[in-house]
Amino acid sequence: MGEQLATADILQKYGTGAARAETPAQPWLESLRTGARERAAAAGLPTPKQESWKYTNLRPLEKLAFGPRSQDQIGIDRLPNLLPQGQSARRLVFVNGQFRADLSTRAALPEGVRAGSLANALAEDGAGLKDLLGRIANGDGEDQAMLDLNTAFVSDGLFLHVAVGVRIDLPIEVIYLGTAPREPQAFHPRCLIAMEENSSAIVVEHHAGIGGGAYFANHGCEARIGERAELRHYKVQAEADDAIHMANVHVEVGAGGVYDSFALTRGARLSRNEVRVRLEAPGAECHLNGVYMLRGDQHCDNTTAIEHLAPETSSREVFKGVLDDRARGVFQGKIVVHPKAQKSDGHQLSKALLLSDSAEMDAKPELEIYADDVKCSHGATAGDMDPDALFYLRARGIPEATARHMLIEAFLSDTINSLAAKGLCPALMSSVGHWLSDAATGDAP
Amino acid sequence: MLEIKNLHATVGGKGILNGLDLTIGAGEVHAIMGPNGSGKSTLSYVLSGREGYEVTEGEVAYQGRNLLEMEPEERAGAGVFLAFQYPVEIPGVPNTTFLREAVNAVRKYKGAPTLDPMAFLKVLRAKIKELQVPDDLLKRAVNVGFSGGEKKRNEILQMALLDPSLAILDETDSGLDIDALKTVADGVNAMRAPDRSVLVITHYQRLLDYIVPDRVHVLAHGRIVRSGGKELALELEKTGYAGFTGEAA
């Protein structure tokens, strides 16, 4: 456990924003925040002494002193492009955690789809959200201080509700921008997703920094996937070089439902994607995949915990990373198969390509199996680039630098190209290309 | 074209080539035959610049240039091509992309304009027809899931596309059935030209029925121990290598 802080100190240290002023006073919301605040204060920041934080040290976060809310002027021309124009159903933009209607699009959505700002939803229909917000991401379970910290400041973020039987093909694009022109900034966006029976949607998150500066983006997300519903939840994290990015994602999947997630990480000095999924009813499925590309002193931690709670549930995980310089990658993958979850299967794979002798990869698979008729597997590898492949390419005239890039792209491409939403593969591959070309220009963070 | 003088090379500190001399003129096809462990593959890797093969003595001049000072990609750019004994599988890199990158890299070295994807496809289609390479091999990742014969055809396809001045074929016949062997040999024979030399490295005489060499050399203990015309290959087929390796026949 970290150093305990008085609740008032937590507010002061991590709460630049006047979060509470933005949403109308609602006793249930206030008590949700207070409870989380007290838990966060009692726990303090996680430290490597806690098992689930063994490889990730939050000292850089402790050292930051956050200033009052300040923002760069951001015009629509400064938005980063991930999806080409017209390729999203709606684009929602948040700057330092606050919804910016002026930068977002307002295209009509199919009937039964609500996609917008959580703050607006709370203002319009607070009572309607009372039973959703904080129900799945509730701070129970081990080492949830970062989620509690998020809940303590809950005010805005993505709110998505898809009604029974509604299927929306184009992605909902969510751009989270961080900017800290003067003093470091802290913000705690909260995403709330409810997918009703037989519904489907794609959410694409793009996290980016504008104008540099240090900021702390502490995301919380909770999603309920109803019976036979599908959520494809994809993310590109290209935060500013000095940013710290935390994401705590909690998901419940109902019978025959699918939670399909993918996280590409190339930004931030320190980041962690923590995804916790409960497969609650027969036939529930999840795919938690990701790639990361790190250099300099970057650190990225992908931590997942999957609970198979019912029969015939399945999970698939593939994380692949490329680590250069002194970068460090962490993969912690926990799979728990409960006694009732017979005929379930869980497969997990972590692979890292180390481009430098000083790069480091820590992989920790944890399988806890309490049912006897299950199929589970895990694997973790970390190694250098294949010298035979490199020589083969060079022997055909391909310069060494180009050959290395080809092999890095090849290493990551099968994970990216296995995305269910094929239309997004080119955008993700071009994100890999950006990372590689940053190396060519020596633009290391 | 190629002049090797007193070449000594070690692998992992162990001497494999021990004073090898070989001269190949322009337009000539030479064969090097030798038993396992005689240094055949080491010679091909030293000539193509693979890491871990250390030249301790001697020199190699290629078209008058010091070949040993050049990076592997420069050698390829200058027209040296090695058909690998064991072509490497590269998951995730589509064969067509690989071939295009290679062709354009070599074109750059030669000062020729690079080909855009459409122009390249045209060239590629013509070559695969000529060499009877199945279409399907272009769509798959480089050598991944290819049969032994398909891998060797892919090597010959690369050779034809890169248009080298010196082609080194390292045990290209291993793992080939007779039909594949003929296709591969036809591919090589089609490329015979006054300004191109070929070095065929092989354990067996069989390939030399189809690619008929101008000169045959016997390699043993890292040196050429005998040279002769194409009939030497036939003699070897009858007597085996024992007479050349210094061991009792």
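Residues numbered from 1 in each chain as written. Chains lettered and ligands numbered in written order. Predicted model: local features only at pLDDT ≥ 70, side-chain atom pairs only at ≥ 80, totals over all residues. Heavy atoms only, no water.

Draft legend 1. Summary view of the overall build of chain A. Check the secondary structure of chain A and you find eight helices and 20 strands. The dimensions of chain A, computed from C-alpha atoms along their principal axes, are 70 × 55 × 50 Å. The 445 residues of chain A split such that 61% are buried. Sequence-distant contacts, at least 24 apart, represent 85% of the contacts inside chain A between residues at least 6 apart. Summing over all exposed atoms, chain A offers an accessible surface of approximately 16,500 Å²; the carbon and sulfur share of this is 48%. Counting 45 positive and 59 negative side-chain charges, chain A places the averaged centre of each group 1 Å from the other. (Helix = DSSP H or I, 4+ residues; strand = E, 2+ residues; numbered from the N terminus. Buried < 20%, exposed > 50% of the residue type's maximum accessible area, 1.4 Å probe, protein only. Contact = heavy atoms within 4.5 Å. Areas by Shrake-Rupley, 256 points an atom, 1.4 Å probe, with all protein chains shown as cover. Lys, Arg positive; Asp, Glu negative; His and termini not counted. Charge placed at Lys NZ, Arg CZ, Asp CG, Glu CD.)

Draft legend 2. Representation of the overall build of chain B. Across its full length, chain B carries ten helices and twelve strands. On C-alpha atoms alone, chain B measures out to a radius of gyration of 18 Å, which is about the 18 Å that the 2.2 N^0.38 rule sets for 249 residues. Projected onto the principal axes, the alpha-carbon positions of chain B cover approximately 60 × 40 × 35 Å. Considering only contacts in chain B between residues 6 or more positions apart, those separated by 24 or more positions represent 69%. Positive and negative charge centroids in chain B, built from 28 and 33 side chains respectively, lie 5 Å apart. (Rg over C-alpha atoms; globule rule 2.2 N^0.38 Å.)

Draft legend 3. Quick peek at the pattern of salt bridges. All names here are of chain A. Tallied over the entire structure, the rule returns 37 salt bridges over all chains. With a shortest N-O distance of 4.0 Å, Glu197 and Arg228 are connected by a salt bridge. On the criterion of sequence distance, the pair formed by Glu197 in the loop between strand E7 (190-195) and strand E8 (200-209) and Arg228 in the loop between strand E9 (215-225) and strand E10 (230-238) is long-range, its members being 31 residues apart. Between Arg224 and Glu252 there is a salt bridge whose closest N-O contact spans 3.0 Å. Residue Arg224 is found in strand E9, and its partner Glu252 is found in strand E11 (residues 244-253); the two are separated by 28 residues along the sequence. In this structure, a network of salt bridges that share partners links the residues Arg135, Arg224, Glu252, Arg278 and Glu280. (Salt bridge = Lys/Arg side-chain N within 4 Å of Asp/Glu carboxyl O.)

Draft legend 4. Geometry of the pairing of E7(A). All names here are of chain A. When you tally the buried positions in E7, you get six out of six residues, the bulk of the element. Side-chain alternation along E7 places Arg190, Leu192 and Ala194 on one buried face and Cys191, Ile193 and Met195 on a second face that is also buried. Here strand E4 (residues 158-162) pairs with E7 via four bridges, running parallel. In the sheet register, His161 faces E7, and the bridge partner there is Ala194. (Pairing = 2+ DSSP bridges.)

Draft legend 5. Expanded view of helix H1 (residues 40-48) of chain B. All names here are of chain B. A large share of H1 lies buried, amounting to eight of its nine residues. Residues Lys40, Thr42, Leu43, Ser44, Tyr45, Val46, Leu47 and Ser48 constitute the buried set of H1. Note on H1: the residue one or two positions beyond its end, Gly49, has a positive phi of about 90°.

Draft legend 6. Local environment of the packing of helix H6 (residues 148-162) of chain B against helix H7 (residues 178-190) of chain B. Residue and element names in this part refer to chain B. At their nearest, the axes of H6 and H7 sit 10 Å apart, and the two run at 10° to each other. When the interaxial angle is binned, H6 and H7 end up roughly parallel. Here Lys152, Arg153, Ile156 and Met159 of H6 come into contact with H7, specifically with Ala180, Thr183, Val184, Gly187 and Val188. Class assignment for the residues of the contact of H6 with H7 results in five nonpolar, two polar and two charged. (Axes fitted to C-alpha atoms, helices over the stretch in contact; angles between N-to-C directions. Parallel < 35°, antiparallel > 145°, perpendicular 65-115°, else oblique. Nonpolar A, V, L, I, M, F, W, Y, C, P; charged D, E, K, R; others polar.)

Draft legend 7. Representation of unusual backbone geometry. Its identity as a non-glycine residue notwithstanding, Asp325(A) has a phi of 50°, on the positive side. Not every positive phi belongs to a glycine, and Gln63(B) is a case in point at roughly 50°. Structurally, Gln63(B) is set in the loop between strand E4 (53-62) and strand E5 (65-66).

Draft legend 8. The arrangement of the sheet that holds strand E10 (residues 197-202) of chain B in detail. Residue and element names in this part refer to chain B. The sheet built from six strands is open, its strands ordered E6-E9-E10-E3-E11-E12 with mixed pairing. Of all strands in the sheet, those bounded by a partner on one side alone are strand E6 (80-83) and strand E12 (223-228). On average, each strand axis in the sheet is inclined to that of its neighbour by 20°, with strand direction left out of account. Note that strand E3 (residues 29-33) and strand E11 (residues 215-220) share four bridges and pair parallel. Bridge assignment links Ile32 to a residue of E11, and that residue is His217. Running over the sheet, H1 touches E3, E6, strand E9 (166-170), E10 and E11 and is turned about 145° from E10.

Draft legend 9. Expanded view of the packing of aromatic side chains. All names here are of chain A. A full pass over the atoms with the stated rule returns 13 aromatic pairs over all chains. Aromatic pair Tyr14 and Phe216: ring centres 6.1 Å apart, planes at 70°, arrangement edge-to-face. You can see Tyr14 sitting in helix H1 (residues 7-14) and its partner Phe216 sitting in strand E9, a full 202 residues away along the chain. Side by side, Tyr14 and Phe216 carry an identical accessibility label, which is buried. Here Phe319 and Phe331 contribute two aromatic rings whose centre-to-centre distance is 5.3 Å and whose plane-to-plane angle is 35°, an arrangement assigned as tilted. A residue pair is termed long-range when its members are at least 10 positions apart, and Phe319 in strand E16 (residues 314-323) and Phe331 in strand E17 (residues 328-337) qualify at twelve residues. Judged by its relative accessible area of 2%, Phe331 is buried. For the cation-ring pair, Arg272 lies above Trp53, with the distance from its terminal atom to the ring centre recorded as 3.6 Å. Lys320 extends its terminal NZ or CZ atom over the ring of Phe411, reaching a point 4.9 Å from the ring centre. (Phe/Tyr/Trp six-rings, centres within 6.5 Å; stacked < 30°, edge-to-face > 60°. Lys NZ or Arg CZ within 6 Å of the ring centre and 35° of its normal.)

Draft legend 10. Geometry of the interface of chain A and chain B. Listed by partner, the interface residues are 18 residues for chain A and 30 residues for chain B. Here chain A packs against chain B, burying approximately 1,900 Å² in sum over the two surfaces, 66% of which is carbon and sulfur. When residues of chain A are sorted by the area they lose upon contact with chain B, Phe391(A), Tyr392(A) and Arg396(A) head the list and together hold 43% of the total. The interface formed by chain A and chain B includes four salt bridges. Between chain A and chain B we count ten residue pairs in polar contact (both at pLDDT 80 or more) in total. Those elements giving two or more residues to the side of chain A that touches chain B turn out to be helix H6 (387-394) and helix H7 (400-417) of chain A. Of the residues assigned to the side of chain A that touches chain B, the class counts are ten nonpolar, three polar and five charged. (Buried area = accessible area lost by both parts, 1.4 Å probe. Polar contact = N/O pair within 3.5 Å; in protein donor to acceptor, adjacent residues only side chain to side chain.)

Draft legend 11. Fine view of the environment of His347(A). Residues and elements named next belong to chain A. Note on placement: His347 falls in strand E18 (residues 345-354). As for His347 and Pro27, which are separated by 320 residues in sequence, their C-alpha atoms are 43 Å apart. Here His347 is in contact with Ser315, Arg316, Glu317, Lys375, Cys376 and Ser377, once residues within four sequence places are set aside. Of the polar contacts made by the side chain of His347, one reaches the side chain of Ser377; its length is 2.5 Å.

Draft legend 12. How the structure looks around the confidence of the model for chain B. Taken residue by residue, chain B gives an average pLDDT of 92. The fraction at 70 or more is 98%. Mean pLDDT values over the elements of chain B span from 74, in helix H10 (residues 242-245) of chain B, up to 97, in helix H2 (residues 72-77) of chain B. (pLDDT = per-residue confidence, 0-100.)

Draft legend 13. Just the state of the cysteines, in detail. Residues and elements named next belong to chain A. Summed over the entire model, instances satisfying the criterion amount to zero disulfides over all chains. Among the cysteines around Cys191, which has no disulfide bond, Cys221 carries the closest sulfur, lying 3.3 Å off. On the basis of relative accessible area, Cys191 is assigned to the buried category, the value being 3%. (Disulfide = S-S within 2.5 Å.)

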